[in-house]
Amino acid sequence: MTTLPSHPLARLRGVRHQYGRTLALDGLDLALPAGQVLAMLGPNGAGKTTAISLLLGLQRPQAGQVELFGLPPQDLAARRRIGVMLQAGAVPDTLKVRELIDLTRSYYPRPRSVADCMALAGLDGLMDRRYGRLSGGQQRRVQFALALCGRPQLLFLDEPTTGLDLDARQTLWEAVRELGAQGCAVLLTTHYLEEAQALADRVVVVNHGRVVAEGTVAQIRAHVAQRRIRCSTSLPAARVQGWPGVRRAQHDGPCLDIVVDVAEPVVRRLLDEDPALTELEVQRAGLADAFLALTRDARKDAA
Amino acid sequence: MDTAAAPFSSIRAYLLEARYEFLRLLRTPSFSLPALSFPPVFYLLFGVLLGGKGGPVAAQYMLAGYGVFGVIGVALFGFGVTVAMDREQGLLTLKRAQPMPPGAYLVAKMAMALLFAAIILLLLAAIAAGVAQVQLSAAQWAGWAATCLLGVLPFSALGLWLGTRVGGRGAPALINLVYLPMAFLSGLWVPLTMLPGLLQTLAPAWPAYHLAQVAQKVVGLDAGRPLLLHVAVLAGMTIVFFLLARRRLVR
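Residues numbered from 1 in each chain as written. Chains lettered and ligands numbered in written order. Predicted model: local features only at pLDDT ≥ 70, side-chain atom pairs only at ≥ 80, totals over all residues.

Description of the overall build of chain B
Next up, step 1: Counting its regular elements, chain B contains 10 helices and zero strands.
Next up, step 2: Each helix and strand of chain B, ordered N terminal to C terminal, gives the series α-α-α-α-α-α-α-α-α-α.
Next up, step 3: Relative to the compact-globule value of 18 Å for 251 residues, chain B shows a C-alpha radius of gyration of 19 Å, a close match.
Next up, step 4: Going through the 251 residues of chain B one by one, you find that 46% of them count as buried.
Next up, step 5: In chain B, the proportion of contacts linking residues at least 24 apart, taken out of those at least 6 apart, comes to 82%. (Helix = DSSP H or I, 4+ residues; strand = E, 2+ residues; numbered from the N terminus. Rg over C-alpha atoms; globule rule 2.2 N^0.38 Å. Buried ≥ 20, exposed ≤ 12 C-beta atoms within 10 Å, placed from the backbone. Contact = placed C-beta atoms within 7 Å.)

This is the structure we're talking about:
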C-alpha cells in the first residue's frame with residue numbers, strides 16, 4: 001500500500017566499503033523485492049557479511065546508498081519491520097527461551113503471539129530452558145524464533161543452518177518456506193548450495209564485493225555448461241590442470257576431480273595416458289560447480 | 001487480535017530490558033556472588049569483628065567505606081565486564097540490528113546496577129544496625145544510601161569505558177586491578193589515617209576517595225574537604241568517561 005510492488009524493501013546502490021586496505025564491497029548493487037526469498041552466495045570474504053551489516057545499519061557505507069524501507073537502516077521505524085538472525089550475533093546464555101522471546105517481542109509494535117513463535121520455530125518443550133543449556137540446533141531454532149517474533153516483512157538469515165544436522169535443517173527450511181508463503185521477504189546467506197536450491201526464488205552470487213551473477217537457480221546453473229569428471233588415477237592433478245578444456249583439477253581423497261567444458265576429449269586423453277584408470281564418473285555441473293566457476297572467473301578478471 | 005493500531009511505545013521494551021539484564025546477572029554466579037556477598041562479608045570481618053575495638057564509631061566509618069566499596073564493585077563489574085563480554089560475544093551486534101530502542105541497553109544496565117547496589121546497601125545496613133550497633137539518624141541513613149546509589153553513576157561510566165577497552169576475558173583482571181588498589185588507597189577498607197603519609201597525600205587522586213568522603217561526611221567522619229570539590233570531581237569523571245566510552249561504542 002505504502003510502497004509500490006516494484007519498489008524494493010531494501011537496497012544497496014553502488015556501495016563501496018573497505019577495511020583498512022582490504023576492499024570488502026566494490027560498488028555492490030542489491031535490491032530485495034517484497035515477498036521474495038533471495039539467496040546471497042559467495043566465498044568467504046566475498047562481502048556478504050559486510051553487505052548485511054550495512055543493510056542492518058551496523059555500519060555505514062563509505063560510498064553509495066543504503067536503504068531499508070526507504071529509510072536509513074539506523075532508523076528504528078525501518079528496523080521494526082525486519083527480523084534478524086545473525087551468525088555473529090550471540091544471545092545471553094542465562095536467560096530462558098520464554099524470556100528471550102518476551103524481550104524481543106517488546107521491540108516490535110505488532111509481534112506474533114508467543115504460541116505462533118513456538119509453533120513456527122519448533123520450540124515445544126524448550127520455553128523454560130536456559131539458552132546456554134540448549135544444543136546447537138535448539139539454539140539456532142531459538143534465534144530463528146527471535147528473528148520472526150516481530151512479524152517482520154523482511155527477514156535476514158545469515159547462514160541460518162550452519163552446524164545443523166540434516167533433520168534440523170529441513171525443519172528450518174520448512175519454516176522459511178511457510179514465512180515466504182505468508183509474504184515475508186527473506187535475504188539468506190549460506191554456504192550450502194542445496195539450501196539456496198531448496199529455498200531461493202532468486203540467487204545473487206557475490207565475489208570480491210561485486211555481484212557476479214544473478215537469477216533463478218536454474219539460470220545460475222545454466223551459466224555453466226560444464227561437466228565434472230571423477231576418477232581414480234595416478235596422474236597428478238597439476239598435469240591434468242594444464243590440458244586444454246580443463247577448468248580445474250584437484251585431488252579429492254583418492255579421486256581426481258576435474259571440471260571441464262566438454263567431457264569427451266578429456267576422458268579420451270585420461271584413458272590414453274593412464275590405462276590403469278578406474279572409477280570413471282561423468283556428471284553435469286550442479287549449482288556448486290556453477291558457483292565455483294563464477295567466482296573463479298571473477299577472480300581471473302580481477303587479476 | 002493482539003493489538004489495535006495504537007501508537008507504539010517503547011516503555012515496555014525499556015522495562016523488560018532492565019528486568020532481564022538483572023535476571024541475567026543474578027543467574028551469573030561469578031558476578032552476583034562476589035558482588036552481593038563480598039561487601040557484607042568484608043564489612044562483618046574487618047569492619048565489625050576485627051575493627052570492633054574501635055567501637056561503634058569505627059563501625060560507622062567502615063559502613064560508609066564498605067557501602068562505597070560495594071556499589072563501586074557493582075558499577076565497575078556490572079558495566080565493565082558485561083559490556084566487554086557482550087561486545088566480544090556479539091550480543092551487542094544482535095541488539096543493534098534488532099529494533100531495540102536506543103539507550104535501552106545502557107538504561108537497563110544502570111537499573112540493574114542500582115538494584116544490585118540497593119540490595120548490598122540493605123545487607124550492610126542490617127549488619128550495621130543489628131550487629132555493629134551503628135546508630136544513625138534517619139536522615140543519615142537516607143543520606144548514606146542516596147550517596148552510595150548516586151555513586152553508581154560515575155563508576156558505571158568508568159566501568160563502561162574500561163569495558164570498551166578490553167575483551168571479555170581480560171575485563172575481570174583489568175577491573176580488579178583498578179578496583180582493589182583504588183579501594184585500599186581511598187580508605188574504603190582501613191581508615192586513611194592508618195596508611196603511610198605519602199599514600200594519604202595521594203588519596204584525592206583516586207575517584208573512590210571522593211565518593212567515600214561524601215559518604216563519610218554524611219556520618220560525620222570525613223576529612224573535612226568541601227563537599228562541592230568531591231561532587232565536582234565525581235560529576236566531571238562521569239561526563240569524561242561516559243563521553244570516552246560513547247566514542248568507542250558508537251564508532
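Considerations on the sheet that holds strand β11 (residues 246-252) of chain A
All names here are of chain A.
Next up, step 1: In spatial order, the strands read β11-β12-β10-β13; together these four strands make up an open sheet with antiparallel pairing. Edge positions in the sheet fall to β11 and β13 (278-284), since each has one partner strand and no second. The sheet shows a mean angle of 15° between the axes of neighbouring strands, direction not considered.
Next up, step 2: In this structure, β11 lies alongside strand β12 (residues 255-260), joined through six bridges in antiparallel fashion. Bridge pairing in β12 places His-251 opposite Leu-256. (Pairing = 2+ DSSP bridges. Axes fitted to C-alpha atoms, helices over the stretch in contact; angles between N-to-C directions.)

Quick notes on the packing of helix α6 (residues 138-165) of chain B against helix α9 (residues 207-218) of chain B
Geometrically, a packed helix pair is captured by the angle between its two axes and the distance between the axes.
Residues and elements named next belong to chain B.
Next up, step 1: At their nearest, the axes of α6 and α9 sit 8 Å apart, and the two run at 170° to each other. By the angle between their axes, α6 is roughly antiparallel relative to α9. On the side of α6, the interface is formed by Gln-140, Gly-143, Trp-144, Thr-147, Cys-148, Gly-151, Pro-154 and Leu-158, while α9 contributes Pro-207, Leu-211, Val-214, Ala-215 and Val-218. (Parallel < 35°, antiparallel > 145°, perpendicular 65-115°, else oblique.)

Topic: the interface of chain B and chain A
Next up, step 1: Listed by partner, the interface residues are 23 residues for chain B and 24 residues for chain A.
Next up, step 2: Among the elements of the structure, α1 (11-26) and α4 (91-97) of chain B are those that each provide at least two residues to the side of chain B that touches chain A.
Next up, step 3: At seven residues, the largest contribution of residues to the side of chain B that touches chain A is made by α1(B).
Next up, step 4: Its residues placed into classes, the side of chain B that touches chain A shows 11 nonpolar, six polar and six charged. (Nonpolar A, V, L, I, M, F, W, Y, C, P; charged D, E, K, R; others polar.)

Some details on the nonpolar core
Next up, step 1: Counting 81 residues, the largest nonpolar core has Leu38(A), Ala145(A), Leu148(A), Val186(A), Leu188(A) and Val205(A) as the members making the most contacts within it.
Next up, step 2: At six residues, the largest contribution of residues to this core is made by helix α5 (residues 136-148) of chain A.
Next up, step 3: Once residues lying within four places of it in the same chain are set aside, the contact partners of Leu188(A) are Val37(A), Leu38(A), Ala39(A), Met40(A), Leu157(A), Pro160(A), Leu199(A) and Ala200(A).
Next up, step 4: Core analysis: the second largest hydrophobic core is formed by 77 residues, Ile72(B), Met110(B), Ala113(B) and Val219(B) among them. (Core = buried A, V, L, I, M, F, W, Y, C linked by C-beta atoms within 7 Å.)

Points about the pairing of strand β2 (residues 22-32) of chain A
Residue and element names in this part refer to chain A.
Next up, step 1: Pairing analysis gives eight bridges linking strand β1 (residues 10-19) to β2, with the strands arranged antiparallel. Counted as the bridge partner of His-17 is Leu-25 from β2.
Next up, step 2: The hairpin turn running from β1 into β2, its antiparallel successor, is two residues long, and Gly-20 in that turn takes a positive phi close to 60°.

A short note on the confidence of the model for chain B
Residue and element names in this part refer to chain B.
Next up, step 1: Across chain B, pLDDT averages 89, with 95% of residues at or above 70.
Next up, step 2: The low-confidence segment residues 1-5 (pLDDT under 50) makes three contacts with residues lying over four places distant or belonging to another chain.
Next up, step 3: Scoring of the predicted complex yields 0.81 for pTM and 0.84 for ipTM. (pLDDT = per-residue confidence, 0-100.)

As for the domain arrangement of chain A
Next up, step 1: Domain annotation for chain A reports domain 1 (10-221) and domain 2 (225-284).
Next up, step 2: Centre-to-centre, using C-alpha coordinates, domain 1 of chain A lies 39 Å away from domain 2 of chain A. (Domains from an automatic or database assignment.)

A short note on the sheet that holds strand β5 (residues 82-85) of chain A
All names here are of chain A.
Next up, step 1: Strand order in this open sheet of six strands is β5-β6-β7-β3-β8-β9, and the pairing throughout is mixed. The strands lining the two open edges of the sheet, one partner per strand, are β5 and β9 (210-215). Averaged over all adjacent pairs, the angle separating strand axes in this sheet is 15°, with direction ignored.
Next up, step 2: Alignment of strand β8 (residues 202-207) against β9, held across five bridges, turns out to be antiparallel. The residue of β9 that forms the bridge with Val-205 is Ala-213.
Next up, step 3: Most of the contacts of α5 go to β5, to which it runs at about 165°, and overall it touches β5 and β6 (154-158).

A look at helix α7 (residues 170-185) of chain B
All names here are of chain B.
Next up, step 1: Look at α7: 23 Å from first C-alpha to last across 16 residues, which is about the 22 Å you get at 1.5 Å a residue.
Next up, step 2: When α7 is considered as a whole, its buried residues turn out to be Ala-171, Ile-175, Val-178, Tyr-179, Met-182 and Ala-183.
Next up, step 3: Looking at the buried side of α7, the elements it contacts are α3 (55-89), α6 and α9.
Next up, step 4: Just downstream of α7 lies Gly-187, where phi reads positive at about 80°. (Expected span 1.5 Å × (residues − 1).)

Considerations on unusual backbone geometry
Next up, step 1: The backbone of Phe69(A) sits at a positive phi, close to 50°, despite the residue not being glycine.
Next up, step 2: Structurally, Phe69(A) is set in the loop between β4 (63-68) and α2 (76-79).
Next up, step 3: Residue classification places Phe69(A) among the buried residues on the basis of 21 C-beta atoms within 10 Å.
Next up, step 4: At Gln133(B), a residue that is not glycine, the phi angle is positive and equals roughly 50°.
Next up, step 5: Tracing the chain through its elements places Gln133(B) in the loop between α5 (104-130) and α6.

Re the environment of Tyr107(A)
Next up, step 1: Within the element layout of this structure, Tyr107(A) appears in the loop between α3 (97-105) and α4 (114-121).
Next up, step 2: Separated by 42 residues in the primary sequence, Tyr107(A) and Cys149(A) have C-alpha atoms spaced 9.8 Å apart.

Side note on helix α1 (residues 48-55) of chain A
Because each turn of an α-helix spans 3.6 residues, side chains separated by three or four positions end up pointing in the same direction.
Residues and elements named next belong to chain A.
Next up, step 1: Counting buried positions along α1 gives eight out of eight residues, so the element sits mostly inside the fold.
Next up, step 2: Among the residues of α1, those classed as buried are Lys-48, Thr-49, Thr-50, Ala-51, Ile-52, Ser-53, Leu-54 and Leu-55.
Next up, step 3: One or two steps after α1, the chain reaches Gly-57, where phi turns positive at roughly 80°.

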